[in-house]
Amino acid sequence: MQQNYQDAMAMVRKFGKPDLFLTFTCNPSCFEVLNCMEGVQRPEDRRDIIIRVFNMKLKELLEDICKHGIFGTVLTYIYVIEFQKRGLPHAHILLTLDSESKIRTKDDIDKFVSAELPDPCTDLRLFQIVTKCMVHGPCGTININSPCMRDGQCCKSFPKQFKDNAEENVNGYPIYRRRATEPVQVGKYSIDNRWVVPYNPWLLKIFNAHINVEMARMMPGLAAPSAYFLTTRTGELLTFDVKFNGNKEDLCVSNAEPTGSDAKTLPPGHHCYFHS
Ligand SMILES: [Zn+2]
């Protein structure tokens, strides 16, 4: 086990800082979940099904990213799964790309990350998924009771500002392109590009779920909570503390005791896996 830990530390040192930060949340309305409902059951009644589908989809997502290289060649990745008592299971994934695949320019950003509503005339399906899964809140003055509101402000800084072009680094944060276009009606709210959570169009259409894609290299305070699982290349499971240190911009991995791997037996919290 000590050797595995040393291997993991060496991998972090060798492959360096992550480039992309993804958050994937299970869609309880996807047909794989709905197909398993019996009688008057609703997805919230069958958390076991949601977790099973989530695990299956996460595996497919990681395969698309790591084996099929939709962002380029992945050197290594680490992910934290959060199984909360009530909320939907979701995974935070950090990817480190090889030097050829690094996302360096604003054109690279536009190629992989969009923060705009798609045109429903040219891509209706993507438009439907974005408006259903990738619109934040809304919050602020139009919905002061949104759960993201802290002391009258959105804790995730929505609505963002309109921006004609992406910018690589503004105070350590990436700024995505959000052009000032006509708002569209989403439910009872009028929504424009200031409310869109950044996403990758290709992934969104494949998975029909909330998949937030952000540039990780430029995020100064990307903090992952503690207490996690880590699998090695040989499939052995360890628990570790992992945090992405905003000041030093290091991914830190520290040791802890191993525990079980079955999602159903895991205590509520965060579980982390590391691969290369
Ligand atoms: Zn908000």
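Residues numbered from 1 in each chain as written. Predicted model: local features only at pLDDT ≥ 70, side-chain atom pairs only at ≥ 80, totals over all residues.

## Some remarks on the overall build of the chain
- For the chain, the count of helices and strands is six helices and 14 strands.
- Counting every position in the chain, which comprises 276 residues, the buried fraction comes to 33%.
- A sequence separation of at least 24 residues applies to 62% of the contacts in the chain between residues at least 6 apart. (Helix = DSSP H or I, 4+ residues; strand = E, 2+ residues; numbered from the N terminus. Buried ≥ 20, exposed ≤ 12 C-beta atoms within 10 Å, placed from the backbone. Contact = placed C-beta atoms within 7 Å.)

## Description of the environment of Ile93
- Counting through the fold element by element, Ile93 comes out in strand E3 (residues 90-97).
- Residues Ile93 and Val80, 13 residues apart in the sequence, show an inter-C-alpha distance of 6.5 Å.
- Residues within four places of Ile93 in sequence aside, it is in contact with Leu22, Phe24, Tyr77 and Tyr79.

## Side note on unusual backbone geometry
- Residue Pro138 is reached from Gly137 by a cis peptide bond, and omega for that bond is 0°.
- Of note, the amide linkage connecting Phe158 to Pro159 takes the cis form, showing an omega dihedral of -5°.
- Tracing the backbone shows Pro159 in the loop between strand E5 (153-154) and strand E6 (167-170).
- The phi dihedral of Ser157 is positive, around 60°, even though this residue is not glycine.
- By the secondary structure assignment, Ser157 is in the loop between E5 and E6.

## Thoughts on the environment of Val33
- One can find Val33 in helix H2 (residues 31-34).
- C-alpha separation for the pair Val33 and Val53, spaced 20 residues apart in sequence, amounts to 6.7 Å.
- Setting aside residues no more than four positions away along its own chain, Val33 makes contact with Pro28, Pro43, Ile49, Ile50 and Val53.

## What to know about the confidence of the model for the chain
- Mean pLDDT over the chain stands at 75; residues scoring 70 or higher make up 70%.
- Between the elements of the chain, mean pLDDT differs from a low of 36, seen in strand E13 (residues 250-255), to a high of 96, seen in helix H5 (residues 124-133).
- Note on residues 1-9: pLDDT is under 50 here. Beyond four places in sequence and across chains, it has twelve contacts.
- Considering only residues more than four positions removed or in separate chains, one finds that residues 219-272, a stretch of pLDDT under 50, has 106 contacts. (pLDDT = per-residue confidence, 0-100.)

## Considering the nonpolar core
- Membership of the largest hydrophobic core comes to 50 residues, with the highest contact counts inside it found for Leu20, Phe24, Ile93, Leu95, Val130, Leu204 and Ile211.
- At the level of elements, strand E1 (20-25), helix H3 (47-67), strand E2 (74-83), E3, helix H4 (106-112), H5, helix H6 (201-207) and strand E10 (210-215) are the ones that each hand at least two residues to this core.
- Here the element with the most residues in this core is H3; it accounts for seven residues. (Core = buried A, V, L, I, M, F, W, Y, C linked by C-beta atoms within 7 Å.)

## Points about H3
- Taking 1.5 Å per residue, 21 residues should reach 30 Å; H3 reaches 29 Å between its end C-alpha atoms and fits that length.
- Along H3, the residues that are buried comprise Ile50, Val53, Phe54, Lys57, Leu58, Leu61, Leu62 and Ile65.
- Just downstream of H3, Gly69 is the residue with a positive phi angle, here 60°. (Expected span 1.5 Å × (residues − 1).)

## Details of H5
- Listed in full, the buried residues belonging to H5 are Leu126, Ile129 and Val130. Mapping the buried residues of H5 onto a view down its axis gives an arc of 100°, with all of them on the same face.
- Of the surrounding secondary structure, the elements contacted by the buried residues of H5 are H6. (Arc of directions from axis to C-beta.)

## As for the pairing of E3
- With eight of its eight residues buried, E3 lies for the most part within the structure.
- In the sheet, E1 pairs with E3 via six bridges, with the strands oriented antiparallel. The residue bridging Leu20 from the neighbouring strand is Leu95, located in E3. (Pairing = 2+ DSSP bridges.)

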